[in-house]
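As a plain string of letters, each chain reads:
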Amino acid sequence: MNNVQPVNLELDRADVVVLFNWLMSVDLDDVPISHPSEKQALADLLLGIEMCTDVPEATQMEISQAREQVARNMGW
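Residue indices follow the written sequence of each chain, beginning from 1 at its first position. Local features in this predicted model are restricted to residues whose pLDDT is 70 or higher, and side-chain atom pairs enter the listing and the counts only when it is 80 or higher, whereas totals over whole chains, interfaces and linings include all residues. Calculation of side-chain values draws on the structure's entire complement of heavy atoms; hydrogens and water are dropped beforehand.

**Regarding the environment of Ile33**
No. 1: Secondary structure counts use DSSP, requiring at least four H or I residues in a row for a helix and at least two E residues in a row for a strand, with both numbered from the N terminus. Mapping Ile33 onto the fold places it in the loop between helix 1 (13-25) and helix 2 (36-52).
No. 2: As a C-alpha pair, Ile33 and Leu19 span 14 residues in sequence and 17 Å in three-dimensional space.
No. 3: Beyond its immediate sequence surroundings of up to four residues, Ile33 is in contact with Glu38 and Lys39. Whether two residues touch is decided by their heavy atoms; if any such pair falls within 4.5 Å, the residues are in contact.

Dropping the structure here:
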């Protein structure tokens, strides 16, 4: 039995734009993982962003601005 429990998560749009852009550009086979489920979770995240947001329509300018915004908020 598949017991799917959705999780609602609030993220800044800039974070989602950056994540989506990275997920679209990276080869998941090259991402270091310790278990196959990690790759599947990244693929599920990508699909969720594609299906539930308008982020896939972000322009290159929006992507650049999102990267700058996220980088400014790096506190570590």
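**Re the pattern of salt bridges**
No. 1: Salt bridge, as used here: a side-chain nitrogen of Lys or Arg that lies within 4 Å of a carboxyl oxygen of Asp or Glu. Scanning the entire structure with this criterion turns up two salt bridges.
No. 2: Here Arg13 makes a salt bridge to Asp54, at a shortest N to O gap of 2.7 Å. Of this pair, Arg13 sits in helix 1 while Asp54 sits in the loop between helix 2 and helix 3 (60-72), and the two are 41 residues apart along the sequence.
No. 3: Using a 1.4 Å probe on the protein chains alone, a residue whose accessible area is under 20% of its type maximum counts as buried, one over 50% counts as exposed, and one in between counts as partly exposed. For Asp54, a relative accessible area of 42% corresponds to the partly exposed category.
No. 4: Here Asp29 ties to Lys39 by a salt bridge, and the two come within 2.7 Å at their closest N and O atoms. Separated by 10 residues along the polypeptide, Asp29 in the loop between helix 1 and helix 2 and Lys39 in helix 2 bring together distant segments of the chain.

**Describing the confidence of the model for the protein**
No. 1: Per-residue pLDDT for the protein has a mean of 93; in total, 97% of the residues score no lower than 70.
No. 2: Ranking the elements of the protein by mean pLDDT puts helix 2 last with 95 and helix 1 first with 97. Summary of the metric used: pLDDT quantifies the predictor's per-residue confidence within the range 0 to 100.

**Considerations on the nonpolar core**
No. 1: Membership of the largest hydrophobic core comes to 13 residues, with the highest contact counts inside it found for Val17, Phe20, Ile49 and Val55.
No. 2: A per-element tally of this core places helix 1 first, with five residues. The definition of a nonpolar core used throughout is a set of buried Ala, Val, Leu, Ile, Met, Phe, Trp, Tyr and Cys residues joined through side-chain atoms within 4.5 Å.

**Section: the packing of helix 1 against helix 2**
No. 1: Two numbers describe how helix 1 lies on helix 2: the axes approach to 10 Å, and their chain directions differ by 120 degrees. Accordingly, the angle class assigned to the pair helix 1 and helix 2 is oblique. Of the two possible hands of crossing, helix 1 and helix 2 adopt the one that is left-handed. Residue-level inspection shows Val16, Phe20, Leu23 and Met24 of helix 1 in contact with helix 2, the latter providing Leu42, Leu45, Leu46, Ile49 and Glu50.
No. 2: Each residue is assigned to one of three groups, with Ala, Val, Leu, Ile, Met, Phe, Trp, Tyr, Cys and Pro labelled nonpolar, Asp, Glu, Lys and Arg labelled charged, and all others, Gly among them, labelled polar. Within the contact of helix 1 with helix 2, the residues separate by chemical class into eight nonpolar, no polar and one charged. Only the stretch in contact is used when a helix axis is fitted, and all axes are lines through C-alpha atoms; the angle between N-to-C directions ranges over 0 to 180 degrees. By definition in this entry, angles of less than 35 degrees are roughly parallel, angles greater than 145 are roughly antiparallel, angles of 65 to 115 are roughly perpendicular, and the rest are oblique. When the near helix sits turned anticlockwise from the far one by under a right angle, the crossing is termed left-handed; a clockwise turn instead gives a right-handed crossing.

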